[in-house]
Amino acid sequence: MECYICTQCGTQYAETEAPLETCRICTDERQFVNPQGQQWTTHLQLKRAHRNTVHAQGAGVIGIGVDPQVGIGQRALLIRGVERNVLWDCVPLLDDGFADLIHALGGLRAIAVSHPHFHTCMVDWAYTFDCPVYIHADNQPWVMRPDASI
Ligand SMILES: [Zn+2]
């Protein structure tokens, strides 16, 4: 069983024996399917060839990306708090070194995701930091990996 990630949009799906034929996000009229055909990866595969990147955003805000790009090139924002932090939006990768860095900064109190393009691997991030994920109720149909943390 594996939680497959669509390489085109970066969305992680609930555990399955094999990847799905198509990605529900990419087959929606607002997105597009990979011109080379549907392709999948896993969080473990991404960790082997990608890393998180940090981008200065201003006082108290750290931009987070993934290099090389995965999905649509999502970025997340780590909003620094007094004791713990909030992650605004999410990216398809959380590498081990970057998780250690966020733990050293106080961890996460919560993850808030603006819309389905940023659902990515939000459940993996929630498990790593033992925190809840908040999404708009209207976006519930676009949660491809349902979880009690959401
Ligand atoms: Zn997709």
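Each value, and the rule that gives it
- Residues numbered from 1 in each chain as written.
- Predicted model: local features only at pLDDT ≥ 70, side-chain atom pairs only at ≥ 80, totals over all residues.
- Heavy atoms only, no water.
- Buried < 20%, exposed > 50% of the residue type's maximum accessible area, 1.4 Å probe, protein only.
- Helix = DSSP H or I, 4+ residues; strand = E, 2+ residues; numbered from the N terminus.
- Pairing = 2+ DSSP bridges.
- Donors = N, O, S within 2.8 Å, 3.2 Å for Na, K, Ca; no water.
- Tetrahedral: all angles 85-135°; square planar, octahedral: opposite > 155°, others 65-115°.
- Core = buried A, V, L, I, M, F, W, Y, C linked by side-chain atoms within 4.5 Å.
- Contact = heavy atoms within 4.5 Å.
- 1 Å grid on protein atoms, 1.4 Å probe; cavity = no way out; pocket = protein on both sides within 12 Å on 5 of 7 lines; lining within 4 Å.
- Points joined across faces, edges and corners; volume = space filled by probe spheres on them.
- Nonpolar A, V, L, I, M, F, W, Y, C, P; charged D, E, K, R; others polar.
- Axes fitted to C-alpha atoms, helices over the stretch in contact; angles between N-to-C directions.
- Salt bridge = Lys/Arg side-chain N within 4 Å of Asp/Glu carboxyl O.
- Phe/Tyr/Trp six-rings, centres within 6.5 Å; stacked < 30°, edge-to-face > 60°.
- Lys NZ or Arg CZ within 6 Å of the ring centre and 35° of its normal.

Right, let's talk about helix H3 (residues 122-129) for a bit. Within H3, six of the eight residues are buried, which leaves the element mostly enclosed by the surrounding structure. Inspection of H3 places Met122, Val123, Asp124, Trp125, Ala126 and Phe129 among the buried residues, and these make up the whole buried set. In the stretch just after H3, Asp130 is the one whose phi turns positive, near 50°.

Looking along a regular strand, one sees side chains alternate from face to face of the sheet. In the sheet, strand S3 (residues 51-58) pairs with strand S4 (residues 61-67) via seven bridges, with the strands oriented antiparallel. Residue pairing for S4: Arg51 is matched across the bridge by Asp67. Hairpin remark: S3 followed by S4, antiparallel, with two residues in the connecting loop; positive phi at Gly60, about 80°. Bridge count between S4 and strand S5 (residues 76-79): four bridges; the pairing is antiparallel. Bridge pairing in S5 places Val61 opposite Ile79.

Okay, the coordination of the zinc ion next. Tetrahedral coordination by four donors puts the ideal angle at the metal at 109.5 degrees, and octahedral coordination by six puts it at 90 or 180 degrees. Protein coordination at the zinc ion comes from Cys6 (SG), Cys9 (SG), Cys23 (SG) and Cys26 (SG), with a distance range of 2.3 Å. Seen from the zinc ion, its four donor atoms lie at angles of 102 to 117°, and the figure they make is tetrahedral.

Another point: the nonpolar core. In this structure, Ile64, Leu87, Leu108, Ile111, Met122, Trp125 and Phe129 are the most contacted members of the largest nonpolar core, which totals 29 residues. Contributing elements (two or more residues each) for this core: S4, S5, helix H2 (96-104), strand S7 (108-112) and H3. The biggest single contributor to this core is H3, with five residues. Not counting the four nearest positions on each side in its chain, Ile64 is found in contact with Asn52, Thr53, His55, Gln74, Arg75, Ala76, Leu78, Leu87, Val91, Phe98, Ile102 and Trp125. With 10 residues, the next largest nonpolar core counts Tyr4, Cys6, Tyr13 and Cys26 among its residues.

On to empty space enclosed by the protein. Left-over empty space is what a probe sized like a water molecule reveals as it rolls over the atoms. Counted under the stated rule, the structure contains one cavity of 30 Å³ or more. Estimated volume of the largest cavity: approximately 60 Å³. Looking at the lining of the largest cavity residue by residue, the classes come out as five nonpolar, four polar and one charged.

Here the focus is the sheet that holds S5. Here we have six strands laid out as an open sheet, ordered S3-S4-S5-S6-S7-S8, and mixed in their pairing. Unpaired on one side and paired on the other, S3 and strand S8 (133-134) mark the two borders of the sheet. Relative to the sheet, H3 contacts S4, strand S6 (85-88), S7 and S8, its axis offset from that of S7 by approximately 170°.

Bringing the pattern of salt bridges into the picture now. Opposite charge on two side chains permits them to pair, given that their charged atoms come into close proximity. Under the counting rule described, the total for this entry stands at five salt bridges. Note that Asp28 and Arg30 form a salt bridge whose closest N and O atoms lie 2.8 Å from each other. Exposure remark for Asp28: the relative accessible area of 18% places this residue in the buried category. Relative accessible area serves as the criterion here: at 63%, Arg30 is assigned to the exposed category.

Considering all chains together, one arrives at two aromatic pairs under this definition. A ring pair is formed by Tyr13 and Trp40, whose centres lie 5.2 Å apart and whose planes are at 85°; its orientation type is edge-to-face. Residue Tyr13 is located in the loop between strand S1 (5-6) and strand S2 (40-41), and its partner Trp40 is located in strand S2; the two are separated by 27 residues in the primary sequence. For the pair Tyr13 and Trp40, a shared accessibility class is recorded, and that class is buried. A centroid spacing of 6.1 Å and a plane angle of 40° characterise the contact between Trp125 and Phe129, whose relative ring orientation is tilted. Of the two residues, Trp125 and Phe129 are both situated in helix H3; the distance of four residues between them amounts to about one turn of the helix. The pair formed by Trp125 and Phe129 is uniform in burial state, with each residue classed as buried. Its end group placed over the ring of Trp142, Arg24 keeps NZ or CZ at 5.2 Å from the ring centre.

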